Amino acid sequence: MSFKIEIGAVNSGAGSSENSYQLVIAGGGPAALSAAIYAARYGIKHLVVESWQPGGQAALTAEIENYPGFSSVAGSDLTNAMKQQATAAGAVFVMETVESAEEKNGKILIKTDLGQYTSDYLIIATGAAPATLGVPGEEKYYGRGVSFCATCDAPFFKGKKAIVVGGGDSAVKEALHLTHVVSELGLVHRRDKLRAEPYLAKKLVEHEKVTTWWNSHLVEVTGDDQGVTGVILDTPEGRKHIETNGVFLYVGTVPATEPFKSLVDLDGKKAVVTRNIVGTSNPRVFAAGDVTNNGFRQVVTAVSEGARASAAIFELLENEE
Amino acid sequence: MPLLSEEDRKAIRGHFDLMTKDVKVTLTRAPGKCDTETILNELNELSSRLTVEVVESTDKDQMLPSLSIGDSGRVLFKGIPSGYEFSSLLTGIIDTGRDEQTLSDETMAFLDNLQEDLHIRVFVTPSCPHCPQSVVLAHRLAGYSDRVVAEGIEANEFQELSMKYQVQGVPRTVINETFAVEGSQPEPYLIEGLKRHMGIEKDA
């Protein structure tokens, strides 16, 4: 086993003892890290408030094959490299969770679990959390067969049966990751076609370990005191009970906007409504990555939006002088 | 070839420079060199505050490799601290080498009033980015209170123990065999859950 180094989650309490900034960047994924690289290089007095999810959703992706420059890269390796690059550029991080943000005296006041900061501008790049189905058994068996992270939990299903629910890129990528480990894999999707990149979708659907359940819905997770034993599916052929040990859910995401809801306009899905890609309803607040309603949720678009947001703020600060 | 790149070394030095106290890390390992010893020796070069002691064990029942951070014997990691758990190891070293307290007043009051010892086991995998939060929190509780022992446990390496504690997802935090929580729980949630389990009133 090779020794792998991930220092992106070090929480040394380093950072800054100051609490007044030109820019606070909330988030720790690709959008925030890209914004941090640009903010540091522009010389903006900034602070990155990243929560305890270094690398965001991207870090949970076993393999990323569509980020230019890399034929295949582990999501955690890519985000770790971004953080190192940001740190080397002079980006300042604290590992705290934003609890609220509001406008006060023409500044943005950001309160975290450990402190509070005022800033001229804010970039919301807090990403999105996995959505749940709300079906019986889902919460009860979370961590005991129900998982939202194949990258983290795949080893517990070696030689066992698992199902993946979902049809997007994340579902398909993580299902492919699981095929290396499990004995059989079921794929449950509510439509008759996957939304994921056709190249990945074809690879998965044709995999010898994979059984597909099209136009089907997971309605219940069943189990005993040892954990998950099966799922009940609504299929075009009626209700079916499928034996499985693992249930991996990739049924979409919910933007992490709760602390910012009084600061910017959100859409019906709680995503930040953007103007000109990274602007928001509040002229002092910008947004980038999966937290926005920009739609195409990819690492490559998140880093682009992070860079744009910092560049826009740099221009505003220059004009203020 | 060293395990740490020059960029890693630079970043780690920056963190280690925050330490104001000496820290000893004790590695107990099976006979023969291992990557954990190599990485500790490389870390040792990055701060004069860090010392590494290596103990060889032939006890087949012992969970090896095993790391003890500091002198208390309460801040522990079982298994190879690879992947994201390398961050847990570094944070544990830095926390132990600093005087600053990061726990909340409520948590410290809870620990000050503990009437029983707590043994916290946090099961993790190296590829889990949110696991270090749980390991670091457990280590901080143990660093503060001599009634707490905290172990980060690499679940893949100790499969029998993982099965015993029904680990099918990480992080899974098990306290005194009787209380378990799934996923990364922020400090206030873990402490509130633990208080409820112990029958301690919220404002007690």
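Predicted, not measured: the structure shown is a model, and the values here were computed from it.

Undergrad: Lay out the overall build of chain A in plain terms, naming residues and giving numbers.
TA: Scanning chain A from N- to C-terminus turns up six helices and 17 strands. Taken against the 2.2 N^0.38 rule, which gives 20 Å for 321 residues, the C-alpha radius of gyration of chain A at 21 Å falls within 12% of a compact globule. With the C-alpha coordinates aligned to their principal axes, the bounding extent of chain A is approximately 65 × 45 × 40 Å. For chain A, restricting intrachain contacts to residue pairs at least 6 apart in sequence, the fraction spanning at least 24 positions comes to 61%. Total accessible area computed for chain A in this model is approximately 13,900 Å², and 48% of it derives from carbon and sulfur atoms. Computing the positive centroid from 29 side-chain charges and the negative centroid from 37, chain A places the two 3 Å apart.

Undergrad: Describe the packing of aromatic side chains, with residues and values.
TA: Residue and element names in this part refer to chain A. What the rule picks out here adds up to eight aromatic pairs over all chains. Summarising the aromatic geometry, the rings of Tyr38 and Tyr42 are spaced 6.3 Å apart at their centres and angled 50° between planes, so their arrangement reads as tilted. Separated by four residues within a single helix, Tyr38 and Tyr42 lie in helix H1 (residues 30-42), roughly one turn from each other. Classification of Tyr38 by relative accessible area gives partly exposed; the value is 38%. Each member of the aromatic cluster is reached from another via a ring pair, and the members are Tyr38, Tyr42 and Phe314. One residue, Lys45, lies across the ring of Tyr21, its end atom 5.7 Å from the ring centre. Between Lys83 and the ring centre of Phe93, over which it is positioned, the NZ or CZ distance is 4.7 Å.

Undergrad: Before we move on, can you summarise the pattern of salt bridges with the specific residues and values?
TA: Opposite charge on two side chains permits pairing when their charged atoms draw close. All names here are of chain B. Taken as a whole, this structure holds 20 salt bridges over all chains when the rule is applied. We note a salt bridge from Asp99 to Lys21, for which the minimum N-O separation is 3.4 Å. Linking Asp99 in the loop between helix H3 (85-96) and helix H4 (105-112) with Lys21 in the loop between helix H1 (6-16) and strand E1 (23-29), this pair joins segments that are 78 residues apart in sequence. Here Lys21 falls in the partly exposed class, since its relative accessible area comes to 32%. One salt bridge in this structure joins Asp22 and Arg49, with 3.0 Å as the shortest N-O distance. Taken together, the residues Asp22 in the loop between H1 and E1 and Arg49 in the loop between helix H2 (35-44) and strand E2 (50-56) connect sequence positions 27 residues apart. Given a relative accessible area of 59%, Asp22 falls into the exposed group.

Undergrad: Outline the nonpolar core, listing residues and values.
TA: The biggest cluster of nonpolar side chains holds 85 residues, and the ones touching the most others in it are Phe16(B), Leu43(B), Phe86(B) and Ile93(B). Counting residues per element, this core draws most heavily on helix H5 (residues 131-144) of chain B, which supplies six residues. Phe16(B) has contacts with Leu43(B), Leu46(B), Ser47(B), Leu50(B), Leu90(B), Ile93(B) and Ile94(B), leaving out every residue within four places of it along the chain. Core analysis: the second largest hydrophobic core is formed by 33 residues, Val73(A), Tyr121(A), Ala125(A) and Val299(A) among them.

Undergrad: Report on the sheet that holds strand E9 (residues 161-165) of chain A, specifying residues and quantitative values.
TA: Residues and elements named next belong to chain A. Pairing within the open sheet is parallel, and its five strands lie in the order E8-E15-E9-E10-E11. Two strands close off the open sheet at either side, each with one partner strand: strand E8 (146-147) and strand E11 (210-213). Bridge count for strand E10 (residues 184-188) against E11 is four bridges, and the pairing is parallel. Opposite Val188, over in E11, you have Trp213 as the bridge partner. Strand contacts of helix H4 (residues 169-179): E9, E10, E11 and strand E15 (246-249), with the helix running at about 170° to E9, the strand carrying the most contacts.

Undergrad: How would you explain the pairing of E1(B) if you had to name every residue and give the values?
TA: Residue and element names in this part refer to chain B. Judged by how many residues are buried, E1 sits mostly within the fold: six of seven residues are covered. Where E1 lies against E2, seven bridges are found, and the strand directions are parallel. Counted as the bridge partner of Arg29 is Glu56 from E2. In terms of handedness, the path from E1 via H2 over to E2 forms a crossover that is right-handed. Sheet analysis places E1 next to strand E3 (residues 66-69), joined by four bridges and oriented antiparallel. Paired with Thr26 across the bridge in E3 is Ser68.

Undergrad: Outline the packing of H1(A) against helix H2 (residues 75-89) of chain A, supporting the account with residue identities and numerical values.
TA: All names here are of chain A. Running from N to C, H1 and H2 point in directions that differ by 20°, and their axes come no closer than 8 Å. Taken together, H1 and H2 sit at an angle that is classed as roughly parallel. Viewed along their axes, H1 and H2 form a crossing whose handedness is left-handed. Each of Pro30, Leu33, Ala36, Ile37, Ala40 and Arg41 in H1 lies in contact with H2, whose residues at this interface are Thr79, Met82, Lys83, Gln85, Ala86 and Ala89. Taken together, the residues of the contact of H1 with H2 sort by class into eight nonpolar, two polar and two charged.

Undergrad: So what's going on with the sheet that holds strand E12 (residues 217-224) of chain A? Which residues, and what values?
TA: Residue and element names in this part refer to chain A. Spatial ordering of the open sheet is given by E12-E13-E14, a layout of three strands whose pairing is antiparallel. Each having just a single partner strand, E12 and strand E14 (238-243) make up the two edges of the open sheet. Averaged over all neighbouring strand pairs, the angle between strand axes comes to 25°, with direction disregarded. Bridge count for strand E13 (residues 227-235) against E14 is six bridges, and the pairing is antiparallel. Within the sheet, the bridge partner assigned to Ile232 lies in E14 and is His241.

Undergrad: Describe the state of the cysteines, naming the residues involved and giving the relevant values.
TA: Residue and element names in this part refer to chain B. One pass over the full model with this rule turns up two disulfides over all chains. Paired through a disulfide, Cys128 and Cys131 show a sulfur-sulfur distance of 2.2 Å. Note on the Cys128 and Cys131 pair: the S-S dihedral is about 90°, so by sign convention the disulfide is right-handed. Accessibility classification places Cys128 together with Cys131 in one group, the buried group.

Conventions adopted
Residues numbered from 1 in each chain as written. Chains lettered and ligands numbered in written order. Predicted model: local features only at pLDDT ≥ 70, side-chain atom pairs only at ≥ 80, totals over all residues. Heavy atoms only, no water. Helix = DSSP H or I, 4+ residues; strand = E, 2+ residues; numbered from the N terminus. Rg over C-alpha atoms; globule rule 2.2 N^0.38 Å. Contact = heavy atoms within 4.5 Å. Areas by Shrake-Rupley, 256 points an atom, 1.4 Å probe, with all protein chains shown as cover. Lys, Arg positive; Asp, Glu negative; His and termini not counted. Charge placed at Lys NZ, Arg CZ, Asp CG, Glu CD. Phe/Tyr/Trp six-rings, centres within 6.5 Å; stacked < 30°, edge-to-face > 60°. Buried < 20%, exposed > 50% of the residue type's maximum accessible area, 1.4 Å probe, protein only. Lys NZ or Arg CZ within 6 Å of the ring centre and 35° of its normal. Salt bridge = Lys/Arg side-chain N within 4 Å of Asp/Glu carboxyl O. Core = buried A, V, L, I, M, F, W, Y, C linked by side-chain atoms within 4.5 Å. Pairing = 2+ DSSP bridges. Axes fitted to C-alpha atoms, helices over the stretch in contact; angles between N-to-C directions. Right-handed = clockwise from strand over helix to strand, strands pointing away. Parallel < 35°, antiparallel > 145°, perpendicular 65-115°, else oblique. Left-handed = near helix turned anticlockwise from the far one by under 90°. Nonpolar A, V, L, I, M, F, W, Y, C, P; charged D, E, K, R; others polar. Disulfide = S-S within 2.5 Å.

So, to be careful, I would describe these as geometric facts and stop short of saying anything about function.
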